[in-house]
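Okay, here's what each chain looks like letter by letter:
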Protein chains: 4
Amino acid sequence: MKIGIIGAGRIGKVHIRNISLFVPDMEIKTVADPFANEATEAYARKFGVERVTKEPQDIFADPEIEAIVIASSTNTHAQFIIEGAKAGKHIFCEKPIDYDLKRVHEAIDTARKAGVKLQIGFCRRFDHNHRAVYDMVQDGRVGKPHLIRISSRDPEPPSIDYVKVSGGIFYDMMIHDFDMARFLAGDEVEEVFAQGSVLVDPAIGEAGDVDTAVVTLKFKSGTIATIDNSRKAVYGYDQRVEVFGSEGVAMNGNDIPNTATFANGNGTVGGTAFQVMWDRYEQAFVNEMTAFAEAVKNDRETPVTGEDGLYPVEMAAAATKSLKEGRPVKISEIA
Amino acid sequence: MKIGIIGAGRIGKVHIRNISLFVPDMEIKTVADPFANEATEAYARKFGVERVTKEPQDIFADPEIEAIVIASSTNTHAQFIIEGAKAGKHIFCEKPIDYDLKRVHEAIDTARKAGVKLQIGFCRRFDHNHRAVYDMVQDGRVGKPHLIRISSRDPEPPSIDYVKVSGGIFYDMMIHDFDMARFLAGDEVEEVFAQGSVLVDPAIGEAGDVDTAVVTLKFKSGTIATIDNSRKAVYGYDQRVEVFGSEGVAMNGNDIPNTATFANGNGTVGGTAFQVMWDRYEQAFVNEMTAFAEAVKNDRETPVTGEDGLYPVEMAAAATKSLKEGRPVKISEIA
Amino acid sequence: MKIGIIGAGRIGKVHIRNISLFVPDMEIKTVADPFANEATEAYARKFGVERVTKEPQDIFADPEIEAIVIASSTNTHAQFIIEGAKAGKHIFCEKPIDYDLKRVHEAIDTARKAGVKLQIGFCRRFDHNHRAVYDMVQDGRVGKPHLIRISSRDPEPPSIDYVKVSGGIFYDMMIHDFDMARFLAGDEVEEVFAQGSVLVDPAIGEAGDVDTAVVTLKFKSGTIATIDNSRKAVYGYDQRVEVFGSEGVAMNGNDIPNTATFANGNGTVGGTAFQVMWDRYEQAFVNEMTAFAEAVKNDRETPVTGEDGLYPVEMAAAATKSLKEGRPVKISEIA
Amino acid sequence: MKIGIIGAGRIGKVHIRNISLFVPDMEIKTVADPFANEATEAYARKFGVERVTKEPQDIFADPEIEAIVIASSTNTHAQFIIEGAKAGKHIFCEKPIDYDLKRVHEAIDTARKAGVKLQIGFCRRFDHNHRAVYDMVQDGRVGKPHLIRISSRDPEPPSIDYVKVSGGIFYDMMIHDFDMARFLAGDEVEEVFAQGSVLVDPAIGEAGDVDTAVVTLKFKSGTIATIDNSRKAVYGYDQRVEVFGSEGVAMNGNDIPNTATFANGNGTVGGTAFQVMWDRYEQAFVNEMTAFAEAVKNDRETPVTGEDGLYPVEMAAAATKSLKEGRPVKISEIA
């Protein structure tokens with residue numbers, strides 16, 4: 001199946017490489033990026049891409065192209081979903097669809113009416129450690145989930161310029177964890193309470209955001225999830241989930257670079273979590289794209305639908321409001 | 001130093017045994033319990049106790065007795081602290097001092113005016129796993145605490161009759177974790193938000209309590225702690241703490257009965273957490289009593305003061321109010 | 001049951017304390033030690049011992065005493081077993097019975113003819129970590145043992161004066177592991193090959209011993225065990241066993257003082273193995289003595305019989321000969 | 001640099017794929033295999049190989065080709081090294097060079113005289129877990145190695161037909177561990193003692209081999225290494241090394257597919273070792289080829305030289321002789 005990729009920034013390049021190397025069912029015909037230059041073309045050619053253009057229209061208008069990957073800036077996602085759907089393309093779109101819930105609904109509805117498949121890039125569902133915990137919940141051994149704990153901590157905050165336009169930590173960073181909480185709980189959130197502090201960099205506070213945040217989610221069935229985010233973990237990417245239920249507890253830890261340990265009179269020393277997100281999620285990015293290819297090829301529902309892309313945005317909106325107003329916020333106020 | 005123990009119930013018997021076997025600086029002269037019977041006397045004699053009585057007065061009035069251990073029911077703690085202080089006895093009192101903050105203040109003030117030492121039985125501070133994390137925070141390697149996570153899950157809920165008079169999960173169970181959060185953060189709490197569900201036993205809900213609870217604490221310096229409690233963990237006592245800071249993260253896990261693991265084609269299997277609380281905290285109970293003996297003997301401040309006994313009760317009150325009213329509650333509203 | 005303890009040195013004191021505190025079925029009437037002095041008496045009284053004497057005869061001749069614990073120097077073990085057996089006492093004897101196989105046979109035969117119970121102090125069988133692996137083998141989940149690995153490393157070598165009279169590392173240190181290998185394999189050894197080096201302290205070599213040794217044992221059924229010993233592990237007592245079989249592998253690790261770990265950019269740090277052997281095996285010493293009391297009380301075979309005490313001495317003899325002659329040695333050459 | 005690959009069997013295909021995808025400094029011009037067919041060509045084209053031939057001569061005679069990878073059957077290795085060296089090609093050769101030490105010497109000498117680089121495919125040196133332990137030894141934190149333990153266990157034995165021509169477990173399987181022991185010890189072996197049993201499949205014994213083997217190596221400096229191999233570990237590929245030295249101990253464990261664990265009343269369950277060797281060593285295969293490319297490109301010594309390829313064959317010969325004759329064998333008898 002021939003595909004087009006819109007956006008050749010960091011995540012775009014990752015998808016170009018992964019699809020070319022590891023997703024045999026897909027062939028990248030065209031890459032579109034408004035800033036496409038020689039470096040972009042060199043990169044694209046290296047991975048067997050036929051054509052590089054500045055114009056996304058070249059992808060929408062191409063009858064040969066069956067599916068598209070939207071990896072452009074967030075503020076173009078909804079637009080490209082709508083155009084791509086109207087052009088009859090199946091769509092993989094990076095998270096989030098948009099920060100504006102109206103736009104999110106518009107994009108999802110357009111895709112549904114056009115009868116095209118839509119998958120949202122919540123890649124952590126495909127991370128081997130998180131997927132293993134999810135599978136344990138799915139096979140019933142945990143029983144009914146009572147408590148969920150999710151920690152996500154990045155090694156470094158983004159630039160202040162980025163922070164200013166990011167929409168805030170709940171939209172920019174915790175949105176992955178909102179999806180993960182839903183994914184693990186198998187239920188919908190009813191109420192959201194957010195707490196936040198500026199502990200890493202005062203400039204983040206001056207930019208109107210927080211760098212350390214904790215959100216409590218109460219699900220309809222009574223399950224309670226807590227998510228903590230920090231913009232700076234000196235030991236690397238820290239991504240851990242735990243589902244405690246009526247029949248047991250499933251949890252994971254971080255991958256370590258190797259299993260070697262050393263012990264002497266001072267104690268035992270081992271490795272630490274991967275420093276680079278791309279390493280951390282390499283296989284997850286491949287898995288999600290493979291899953292998208294299979295959904296398109298076998299005419300099945302995508303594993304992370306447009307609907308799945310909606311709820312985390314609602315939760316981010318509720319968390320943002322909760323932090324601002326200092327009170328719990330019901331999803332029904334937001335949706 | 002001769003001591004008297006008031007209360008020979010479950011925790012009272014633990015202290016009788018531990019002091020007799022492992023705290024050489026103390027000698028139990030008298031045990032007082034209103035329900036003292038032959039079994040009580042047999043137990044006491046086994047551990048070398050001189051006298052068993054139904055009357056706490058026999059302890060207060062005895063000039064030979066230098067210090068007392070209050071292990072009676074919660075509703076007698078404040079009274080016995082006051083009487084013991086007025087009688088010039090140094091006091092170790094099981095948690096909590098009382099549920100009524102006025103009574104707590106009264107007891108602490110009486111002890112202070114009398115110039116006697118007062119130690120509160122928050123034994124988890126003396127658990128080797130929690131103490132080790134505390135020490136890591138103290139030695140500066142974690143930097144400034146940003147996020148604290150505490151999980152406390154019991155293997156079985158108490159009887160519904162007990163639940164009805166327990167004061168609720170925040171006073172009865174989470175109070176240990178409130179103390180632990182303060183202990184680890186080295187800071188005071190500003191605001192408390194509680195979420196709760198009835199997921200283990202509907203009868204607990206009917207009794208006006210919850211069996212699954214999550215509390216978020218915001219500290220004055222911005223540190224955020226989350227505590228989760230469940231009344232039923234099928235795998236045993238689960239007690240874990242984590243302190244994430246500017247320079248690293250310290251965390252612990254549960255003790256396991258042994259280090260043996262078995263692997264075959266299905267995976268790897270190992271042991272599980274201790275089932276019985278007394279096993280779980282045996283050494284902690286000994287350590288706290290040893291620390292009390294040392295404080296009395298060397299005229300030093302006790303490691304868990306009356307003040308330390310006040311804040312967790314404030315936090316429990318705030319959490320109870322927060323859950324009831326569905327909003328965050330400032331400690332200043334409660335104190 | 002009243003018992004007598006012969007030998008109040010290091011291990012003797014451990015047994016005095018453990019029996020007094022933790023083995024309710026036994027009451028120590030008399031302690032005999034040729035060097036008994038005021039300190040010995042003070043220690044004994046503290047643990048409720050009735051009488052301290054310089055004469056083992058006082059124990060053998062006492063009709064009140066039902067069983068004896070032999071914790072004297074190795075060169076007296078066989079003699080005391082023989083005298084004790086003839087006096088009709090049940091016997092717990094520290095390892096080894098003797099270095100001379102003729103004397104070992106003599107002692108075991110005398111005890112058998114006298115119809116008294118005999119238990120040998122191979123306490124590691126009662127260590128919770130080793131016992132757990134043993135239990136896994138016993139319940140069949142490992143299948144037939146194919147390969148066994150045992151590592152035993154001490155934090156410090158004994159004094160050179162002790163090394164000179166110890167009989168060598170195979171009799172003094174590896175003898176525990178010979179018993180453990182037999183215990184885990186559930187089979188008898190056919191052939192022994194020893195390799196050794198002097199790597200810790202040249203004085204040990206000058207004393208005619210080695211400080212680093214590896215022995216391969218071939219069992220009758222084909223199972224192969226390897227044991228390594230070192231007289232100096234800077235990180236503490238290291239005791240690990242592994243049984244690999246047709247259906248899986250069971251292994252253990254060292255206990256750690258606590259479960260706390262710390263991670264920063266340099267890696268993860270945790271605790272290390274216990275430094276002191278007494279800590280390491282405290283519960284094992286209690287367990288073996290409890291098992292002895294139960295065997296006597298219920299008229300059952302002891303869990304570590306005189307026969308069990310014979311084979312490790314044969315294996316030590318074979319290993320010593322193998323190292324000296326640079327060749328594998330069959331047990332049949334030794335027995 | 002243009003290279004030629006001789007042999008497109010299992011390991012040959014792995015190298016074709018890895019070099020094509022992950023070793024940008026190399027370009028595979030020609031693949032030679034006497035059984036080359038359409039499938040071979042399809043595979044080769046997929047990875048950008050220019051030409052597929054049945055004739056190794058096409059590679060030796062091609063002036064464009066700078067280096068060759070020998071992945072053909074063992075009995076051709078020496079011959080191809082000699083031909084390749086004479087043709088002035090740099091050579092990466094799969095292990096072992098040959099079973100006949102004379103042929104090994106011949107091949108190494110020819111390569112040296114021709115001034116071409118020679119690297120032997122002992123890929124485990126490049127496995128992240130083994131490399132990490134090696135690095136710990138190299139940085140001095142372990143001190144002088146005293147004891148080395150290596151376990152290598154495969155999930156399934158090879159076919160009996162293969163066993164019959166394999167040369168025996170020491171040449172076929174343990175040869176990797178002989179190299180690893182040398183690599184970790186940083187020393188040369190003086191004496192070898194082998195013990196073996198037939199415990200997995202009697203047919204292996206009938207074919208003149210063993211399926212369970214333990215070898216003790218004594219190094220010149222006194223370091224002692226023990227290696228155990230089993231042809232059947234039901235839990236997957238088990239590869240663990242440990243280096244115990246004067247200053248501490250470094251060890252590793254097996255990679256696990258994910259970090260998820262589940263706990264309930266029965267205990268804790270986790271993943272198990274990778275089942276497939278190719279997964280297990282994927283990155284190692286890439287690393288060794290990358291290292292070869294760097295050695296050729298930068299005119300440096302290869303990290304695993306022809307000499308390094310000699311010693312493990314000597315050790316395999318000594319082990320085979322030791323098992324047969326039931327005695328330790330000095331390398332000097334073999335070399």
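Residues numbered from 1 in each chain as written. Chains lettered and ligands numbered in written order. Predicted model: local features only at pLDDT ≥ 70, side-chain atom pairs only at ≥ 80, totals over all residues. Heavy atoms only, no water.

**Student:** Can you explain the overall build of chain A? Please cite residues and give values.
**Tutor:** Looking only at helices and strands, one finds 13 helices and 15 strands in chain A. In terms of C-alpha radius of gyration, chain A reaches 20 Å, essentially the compact-globule figure of 20 Å for 335 residues. Taken over the C-alpha atoms alone, chain A extends approximately 60 × 55 × 45 Å along its principal axes. Considering chain A as a whole, with its 335 residues, one finds that 62% of them fall into the buried category. Charge centroids of chain A, computed over 38 positive and 50 negative side chains, lie 1 Å from each other. (Helix = DSSP H or I, 4+ residues; strand = E, 2+ residues; numbered from the N terminus. Rg over C-alpha atoms; globule rule 2.2 N^0.38 Å. Buried < 20%, exposed > 50% of the residue type's maximum accessible area, 1.4 Å probe, protein only. Lys, Arg positive; Asp, Glu negative; His and termini not counted. Charge placed at Lys NZ, Arg CZ, Asp CG, Glu CD.)

**Student:** Tell me about the packing of helix H4 (residues 74–86) of chain C against helix H5 (residues 101–114) of chain C, and please be specific about residues and values.
**Tutor:** A packed helix pair is summarised by two numbers, namely the angle formed by the two axes and the spacing between the axes. Residues and elements named next belong to chain C. Between H4 and H5, whose axes approach to 9 Å, the crossing angle comes to 15 degrees. Of the possible angle classes, the one that applies to H4 and H5 is roughly parallel. The chirality of how H4 crosses H5 is left-handed. For the pair H4 and H5, contact is made by Ala78, Gln79, Ile81, Ile82, Ala85 and Lys86 and by Arg103, Glu106, Ala107, Thr110, Ala111 and Ala114, respectively. Classifying every residue of the contact of H4 with H5 by side-chain character gives seven nonpolar, two polar and three charged. (Axes fitted to C-alpha atoms, helices over the stretch in contact; angles between N-to-C directions. Parallel < 35°, antiparallel > 145°, perpendicular 65-115°, else oblique. Left-handed = near helix turned anticlockwise from the far one by under 90°. Contact = heavy atoms within 4.5 Å. Nonpolar A, V, L, I, M, F, W, Y, C, P; charged D, E, K, R; others polar.)

**Student:** Can you break down the interface of chain B and chain A residue by residue, with the values?
**Tutor:** Listed per partner, the contact involves 41 residues of chain B and 41 residues of chain A. Both faces considered, chain B and chain A share a buried interface measuring about 3,200 Å² in area, 63% of it formed by carbon and sulfur atoms. Linking chain B with chain A are six salt bridges. Between Arg240 of chain A and Glu242 of chain B there is a salt bridge, with its nearest N and O atoms 2.9 Å apart. On inspection of chain B and its partner chain A, the count reaches 13 residue pairs in polar contact (both at pLDDT 80 or more). Where the side of chain B that touches chain A is concerned, the elements lending two or more residues are strand E7 (145–153), strand E8 (189–197), strand E9 (212–219), strand E10 (224–230), strand E11 (238–245) and strand E12 (248–251) of chain B. Broken down by element, the side of chain B that touches chain A gets its largest block of residues, six residues, from E7 of chain B. Residue composition of the side of chain B that touches chain A, by class: 14 nonpolar, 16 polar and eleven charged. (Buried area = accessible area lost by both parts, 1.4 Å probe. Salt bridge = Lys/Arg side-chain N within 4 Å of Asp/Glu carboxyl O. Polar contact = N/O pair within 3.5 Å; in protein donor to acceptor, adjacent residues only side chain to side chain.)

**Student:** Tell me about helix H4 (residues 74–86) of chain A, residues and numbers included.
**Tutor:** Residue and element names in this part refer to chain A. When the terminal C-alpha atoms of H4 are compared, their 19 Å separation across 13 residues agrees well with the 18 Å that a helix rising 1.5 Å per residue should span. For H4, the complete set of buried residues consists of Thr76, His77, Ala78, Phe80, Ile81, Ile82, Gly84 and Ala85. Phi for Gly88, located one or two positions after H4, is positive at around 80 degrees. (Expected span 1.5 Å × (residues − 1).)

**Student:** So what's going on with the interface of chain A and chain C? Residues and values would help.
**Tutor:** Residue-level contacts link eleven residues of chain A with eleven residues of chain C. When contributions to the side of chain A that touches chain C are tallied by element, the ones reaching two or more residues are strand E13 (261–264) and strand E14 (267–270) of chain A. Considering every element that reaches the side of chain A that touches chain C, the biggest residue donor is E14 of chain A, with four residues. Grouping the constituent residues of the side of chain A that touches chain C by class yields four nonpolar, seven polar and no charged. Examined bridge by bridge, E14 of chain A and strand E14 (residues 267–270) of chain C share three bridges and lie antiparallel to one another. Opposite Gly270 of chain A, over in E14 of chain C, you have Thr268 of chain C as the bridge partner. (Pairing = 2+ DSSP bridges.)

**Student:** Describe the sheet that holds strand E6 (residues 118–120) of chain D, with residues and values.
**Tutor:** Residue and element names in this part refer to chain D. Read from one edge to the other, the open sheet built from six strands follows the order E3-E2-E1-E4-E5-E6, with strand pairing classed as parallel. Looking at which strands have only one partner, the edges of the open sheet turn out to be strand E3 (51–53) and E6. Direction aside, neighbouring strands of the sheet carry axes that sit 20 degrees apart on average. The pairing of strand E2 (residues 27–32) with E3 spans three bridges and is classified as parallel. Directly across from Ala32, in E3, lies its bridge partner Thr53.

**Student:** Which residues make up the side chain of Asp172 of chain D, and what values do they have?
**Tutor:** Residue and element names in this part refer to chain D. Among the structural elements, Asp172 can be located in helix H8 (residues 169–172). Engagement of the side chain of Asp172 in a polar contact is seen with the side chain of Tyr162, the distance being 2.4 Å. Excluding residues within four positions of it along the chain, Asp172 makes contact with Lys95, Tyr99, Tyr162, Ser166 and Arg231.

**Student:** With reference to specific residues and values, describe the relation of the copies chain B and chain A.
**Tutor:** Least-squares fitting of chain B to chain A yields an RMSD of 0.0 Å, with the superposition described by an axial translation of 0.0 Å and a rotation of 180 degrees. Viewed as a symmetry operation, the transformation between the two copies matches a two-fold axis. It is Arg327 of chain B whose C-alpha, among those of chain B, lies nearest the rotation axis, at 2.9 Å. When the interface residues of chain B are mapped onto chain A, 100% of them are again interface residues, pointing to one common binding face. (Least-squares fit on C-alpha atoms with pLDDT ≥ 70 in both.)

**Student:** Lay out unusual backbone geometry with the relevant residues and their values.
**Tutor:** Residues and elements named next belong to chain B. Each neighbour pair has its own omega, and for Lys95 with Pro96 the value is -10 degrees, a cis peptide bond. Relative to the helices and strands, Pro96 resides in the loop between strand E5 (90–93) and helix H5 (101–114). Here the phi dihedral of Asp299 falls at roughly 50 degrees; this positive angle occurs in a residue that is not glycine. The residue Asp299 is located in the loop between helix H11 (277–297) and helix H12 (306–325) in this model.

**Student:** Break down the environment of Ile334 of chain A for me, citing the residues and quoting the values.
**Tutor:** Residue and element names in this part refer to chain A. Checked against the element boundaries, Ile334 lands in helix H13 (residues 331–334). Considering only alpha carbons, one finds Ile334 and Met315, 19 residues apart in sequence, at a separation of 8.4 Å. Not counting the four nearest positions on each side in its chain, Ile334 is found in contact with Leu101, Glu314, Ala317, Ala318, Lys321 and Val329.

**Student:** Could you give an account of the relation of the copies chain A and chain C, with specific residues and numbers?
**Tutor:** Mapping chain A onto chain C leaves a residual RMSD of 0.1 Å; the transformation is a rotation of 180 degrees accompanied by 0.0 Å of translation along its axis. A shared interface surface links the copies, since 100% of the contact residues of chain A are contact residues in chain C too.

**Student:** Give me the sheet that holds strand E3 (residues 51–53) of chain B: which residues, what numbers.
**Tutor:** Residues and elements named next belong to chain B. Spatially, E3-E2-E1-E4-E5-E6 is the arrangement adopted by the six strands of the open sheet, whose pairing is parallel. Edge strands, defined here as strands with exactly one partner in the open sheet, are E3 and strand E6 (118–120). Averaged over all adjacent pairs, the angle separating strand axes in this sheet is 20 degrees, with direction ignored. As paired strands, strand E1 (residues 2–6) and strand E4 (residues 67–70) are joined by four bridges and run parallel to one another. By the bridge assignment for E4, Gly4 is matched with Ile68.

**Student:** Residues and numbers for the pairing of strand E13 (residues 261–264) of chain D, please.
**Tutor:** Alignment of strand E12 (residues 248–251) of chain A against E13 of chain D, held across three bridges, turns out to be antiparallel. The residue bridging Val249 of chain A from the neighbouring strand is Ala263 of chain D, located in E13 of chain D. The pairing of E13 of chain D with strand E14 (residues 267–270) of chain D spans three bridges and is antiparallel. Following the sheet pairing, Phe262 of chain D is matched in E14 of chain D by Val269 of chain D.

**Student:** Hey, could you go over empty space enclosed by the protein for me, with residue numbers and the actual values?
**Tutor:** Any space left empty among the atoms is revealed by the rolling of a water-sized probe across them. Applying the stated criterion to the full structure yields three cavities of 30 Å³ or more. Roughly 90 Å³ of internal volume is contained in the largest cavity. Elements with a minimum of two residues in the lining of the largest cavity: strand E7 (145–153) and strand E10 (224–230) of chain A together with E7 and E10 of chain B. Of the residues that constitute the lining of the largest cavity, the class distribution is seven nonpolar, two polar and four charged. (1 Å grid on protein atoms, 1.4 Å probe; cavity = no way out; pocket = protein on both sides within 12 Å on 5 of 7 lines; lining within 4 Å. Points joined across faces, edges and corners; volume = space filled by probe spheres on them.)

**Student:** Summarise the environment of Asn258 of chain C; cite the residues concerned and give the values.
**Tutor:** With respect to the secondary-structure elements, Asn258 of chain C resides in the loop between strand E12 (248–251) and strand E13 (261–264). With sequence-adjacent residues up to four places away left out, Asn258 of chain C is seen in contact with His128, Asn129 and Ala132 of chain B. A distance of 3.0 Å separates the side chain of Asn258 of chain C from the backbone nitrogen of Ala260 of chain C, its partner in a polar contact.

**Student:** Kindly report on the pattern of salt bridges, identifying the contributing residues and their values.
**Tutor:** Within the structure shown, the criterion is met by 112 salt bridges over all chains. The shortest N-O distance in the salt bridge between Lys117 of chain B and Asp299 of chain B comes to 2.9 Å. Residue Lys117 of chain B is found in the loop between H5 and E6, and its partner Asp299 of chain B is found in the loop between H11 and H12; the two are separated by 182 residues along the sequence. Overall, the relative accessible area of 14% leaves Lys117 of chain B in the buried class. One salt bridge in this structure joins Asp179 of chain D and Arg125 of chain D, with 2.7 Å as the shortest N-O distance. Of this pair, Asp179 of chain D sits in helix H9 (residues 175–185) while Arg125 of chain D sits in the loop between E6 and helix H6 (128–138), placing them 54 residues apart in sequence.

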